Amino acid sequence: MTEKSLINPRFRSIEDNLKEIRDEIAEAAEKTNRQLSDITLMAVTKTVDASLINYAIDNCEIKVIGENRVQEFLSKESELHLDSVDTHLIGHLQTNKVSTIIPKVKLIHSLDSIHLANAISKESVKQNLTTNVLIEVNIGKEESKTGFYYENALEACHEISEMPNIKINGLMAIPPMDSNNVEINTFFSNMYKLFIDIRGKKIDNINMSVLSMGMSGDYIPAILSGSNLVRIGSKIFGARVY
Ligand SMILES: *Cc1c(COP(=O)(O)O)cnc(C)c1O
């Protein structure tokens, strides 16, 4: 037990949090005939200090971290123990940051427009690399969010699959914040249907393998609906301080 937990019995360590999360993931996975190892647990590290992120990497078997903003990631990058993790970008990417970020991340979850796909493709050709992306679906058709509408996602996949040096690995979605449990389940199961549907088309140059959905508040229903990558921040590291 850490000193803090002796002083404040409500203080939970990152280990306690991750133990609970992993138990719950394993249980939900089992209900859908999968196991813990079939679900990627991403630690979302926005606003989290590099020292705490390194603690999770070094001691808690975190293998994937997700950063929201390019600028924040660059400011922490030199301090992070990145040799032992994959870094993913999960927030909206501006085209003027594409050249900086593409050599540094394994997967971009937030491919939210054809314009951005073109920029990534062009810059990836220039840098002689292939950039892996997920198509972000604006599942709740929220004006405040970017991303493709559900009914346009397949067409976007076809179009992006023709572009050089960019490869679609799957889909990502964030349901509206104010959704109730029934709505959340509908959003997630629609996403799973779309994922299976597109995967079934066997489009050239697409590897439909990742379905990224579920955050601290909804990772269990997400997994029950078929998610295989959950992005969890506050439930691991505590409430964010901006
Ligand atoms: C912040 C963030 C998360 C994690 O949110 P929590 O509710 O803290 O788990 C997941 N995905 C994206 C895209 C985020 O921006």
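Everything numeric in this text was worked out from a predicted model, so none of it was measured. (Residues numbered from 1 in each chain as written. Predicted model: local features only at pLDDT ≥ 70, side-chain atom pairs only at ≥ 80, totals over all residues. Heavy atoms only, no water.)

1. Remarks on the pattern of salt bridges
- The tally for this structure, following the rule as stated, stands at 12 salt bridges.
- Among the ionic pairs, Glu24 bridges to Lys235, the shortest N-O distance being 3.5 Å. With Glu24 in helix 2 (residues 14-31) and Lys235 in helix 10 (residues 234-237), this residue pair connects regions lying 211 residues apart in the sequence.
- Take Glu24: its relative accessible area is 23%, and that puts it in the partly exposed class.
- Residue classification places Lys235 among the partly exposed residues on the basis of a relative accessible area of 25%.
- The shortest N-O distance in the salt bridge between Lys141 and Glu151 comes to 2.8 Å. (Salt bridge = Lys/Arg side-chain N within 4 Å of Asp/Glu carboxyl O. Helix = DSSP H or I, 4+ residues; strand = E, 2+ residues; numbered from the N terminus. Buried < 20%, exposed > 50% of the residue type's maximum accessible area, 1.4 Å probe, protein only.)

2. Some remarks on the site of the ligand
- Residues in close proximity to the ligand include Val44, Lys46, Asn68, Ile90, Ile174, Met215, Ser216, Arg231, Ile232, Gly233, Ser234 and Arg240, which together make up its full environment.
- Contacts to the ligand include Ser234, whose backbone N or O atom sits 2.8 Å from an oxygen atom.
- A distance of 2.7 Å separates an oxygen atom of the ligand from a polar side-chain atom of Arg240.
- In isolation the ligand offers 380 Å² of accessible surface; the protein chains occlude 90% of this area.
- Looking at side-chain class alone, the shell around the ligand contains 5 nonpolar, 4 polar and 3 charged residues. (Near = heavy atom within 4 Å. Polar contact = N/O pair within 3.5 Å; in protein donor to acceptor, adjacent residues only side chain to side chain. Areas by Shrake-Rupley, 256 points an atom, 1.4 Å probe, with all protein chains shown as cover. Nonpolar A, V, L, I, M, F, W, Y, C, P; charged D, E, K, R; others polar.)

3. Observations concerning the layout of surface pockets
- Approximately 810 Å³ is the volume attributed to the largest pocket.
- Along the walls of the largest pocket sit 31 residues, with Lys46, Ile174, Met177, Met215 and Arg231 positioned nearest its centre.
- For the lining of the largest pocket, the secondary-structure elements that each account for two or more residues are helix 8 (181-200) and strand 8 (229-232).
- The element best represented in the lining of the largest pocket is helix 8, accounting for 3 residues.
- Counted by class, the lining of the largest pocket contains 12 nonpolar, 12 polar and 7 charged residues. (1 Å grid on protein atoms, 1.4 Å probe; cavity = no way out; pocket = protein on both sides within 12 Å on 5 of 7 lines; lining within 4 Å. Points joined across faces, edges and corners; volume = space filled by probe spheres on them.)

Remember, this is a structural readout, not a statement about activity or role.
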